[in-house]
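Coordinate analysis (summary)
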Amino acid sequence: MSVILHNYLIIGAILFGLGAIGFLTRRNLIVMFLCVEMMLSGVALNMVGFGNLHRNMQGQSFVIFMLSVAACEAAMALAVFLTLYRSRRTLDVSVWQELRDPGLEPVEDTTVLPADPASEPIEYPKLTPAGLRPGESASSEPRTGLTEEVTRA
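Residues numbered from 1 in each chain as written. Predicted model: local features only at pLDDT ≥ 70, side-chain atom pairs only at ≥ 80, totals over all residues. Heavy atoms only, no water.

Now for the packing of helix α1 (residues 3-25) against helix α2 (residues 29-53). Their axes nearest at 7 Å, the elements α1 and α2 cross at an angle of 165°. The orientation of α1 relative to α2 falls into the category roughly antiparallel. α2 is crossed by α1, and the crossing has left-handed handedness. Residue composition of the contact of α1 with α2, by class: 20 nonpolar, eight polar and no charged. (Axes fitted to C-alpha atoms, helices over the stretch in contact; angles between N-to-C directions. Helix = DSSP H or I, 4+ residues; strand = E, 2+ residues; numbered from the N terminus. Parallel < 35°, antiparallel > 145°, perpendicular 65-115°, else oblique. Left-handed = near helix turned anticlockwise from the far one by under 90°. Nonpolar A, V, L, I, M, F, W, Y, C, P; charged D, E, K, R; others polar.)

As C-alpha cells, then:
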C-alpha cells in the first residue's frame, strides 16, 4: 500500500466517521442530510484513492456518477424537507414519528430543543403602493393632481 493511498484512506475514514457521528447525534433534518453527504464524500475519496493506486479511471468515473446521483438526491431531499417544514414549522426529526414503519413503537425524546425563532411572525417593512407618496396610506383618497396634469397636457 502506497503512502498516497494511505493518506486517502485516513482522510476518507475521518470524513465518514464525522458524518456518522453527526448523523447519529443530530435531530435537525438538514444537518442529518449534510452528515450523510459527508459520509458519501469519505467513500468517494477512498474510491479516488483506489483508482489512483490501480492507475485506471474507474474510481474517478464512479465518483462522478455518485456525485450526480447525490445532487439529484439533494434536490429531492430539500423539497421533502421544505414540505415537512411547511406543515409543522420544525425540522426536528423527533416530531415526525408518524413517518416510521407500521408496527414500530414511537421513540420518545424528552430533550426539548430551543424555540425556533422562525416560528414567530416577522414583520417586514412594506413598500408604498404605486401612485402614493411615502407615508400616505392606501385608504386615503387617491391623488388627483397627476390625472389633472395628464389631462392638461
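Resuming the write-up.
Moving on to α2. Count 3.6 residues to each turn of an α-helix, and residues three or four apart come out pointing the same way. Here α2 spans 37 Å end to end across 25 residues, near enough to the 36 Å set by a 1.5 Å rise per residue. Taken together, the buried positions of α2 are occupied by L29, M32, F33, C35, E37, M39, G42, A44, G49 and G51. Taken together, the buried residues of α2 touch α1 and α3 (58-88). The N-cap of α2, judged by a side-chain oxygen 2.9 Å from the amide nitrogen of I30 a few residues on, is N28. R55 occupies a position one or two residues after α2 and carries a positive phi of about 55°. (Expected span 1.5 Å × (residues − 1). Buried < 20%, exposed > 50% of the residue type's maximum accessible area, 1.4 Å probe, protein only. Contact = heavy atoms within 4.5 Å. Polar contact = N/O pair within 3.5 Å; in protein donor to acceptor, adjacent residues only side chain to side chain.)

Once that is clear, we can look at the nonpolar core. With nine residues, the main nonpolar core is built from L29, F33, A74, A77, F81, L84, Y85, L91 and W96. Of all the elements in the fold, those that place two or more residues in this core are α2 and α3. Among the elements that make up this core, the one with the highest residue count is α3 (five residues). Sequence-distant contacts of L84, defined by excluding residues within four places in its chain, comprise L29, R89, T90, W96 and L99. (Core = buried A, V, L, I, M, F, W, Y, C linked by side-chain atoms within 4.5 Å.)

All right, on to the side chain of D92 then. Following the sequence through the fold, D92 ends up in the loop between α3 and α4 (145-152). At a separation of 2.6 Å, a polar atom in the side chain of D92 contacts the side chain of R27.

On to the packing of α2 against α3. Where α2 meets α3, the axes come as close as 10 Å, and the angle between the chain directions of the two elements is 175°. By the angle class used here, α2 and α3 are roughly antiparallel. Here L29, I30, F33, E37, L40, A44, M47, V48, G51 and N52 of α2 come into contact with α3, specifically with G59, Q60, F62, V63, M66, A70, E73, A74, A77, F81 and L84. Taken together, the residues of the contact of α2 with α3 sort by class into 15 nonpolar, four polar and two charged.

The grouping of I10, I11, I14, L18 and M38 at the surface amounts to a nonpolar patch, some 420 Å² of accessible area in total. Its location among the elements puts I14 in helix α1. (Patch = residues over 30% accessible without salt bridge, like charges linked within 9 Å, V, L, I, M, F, W, Y side chains within 5 Å. Areas by Shrake-Rupley, 256 points an atom, 1.4 Å probe, with all protein chains shown as cover. Salt bridge = Lys/Arg side-chain N within 4 Å of Asp/Glu carboxyl O.)

With that settled, the discussion passes to the pattern of salt bridges. Taken as a whole, this structure holds one salt bridge when the rule is applied. The shortest N-O distance in the salt bridge between D92 and R27 comes to 2.6 Å. With D92 in the loop between α3 and α4 and R27 in the loop between α1 and α2, this pair connects stretches of sequence that are 65 residues apart. Across this residue pair, the class does not change: D92 and R27 are buried.

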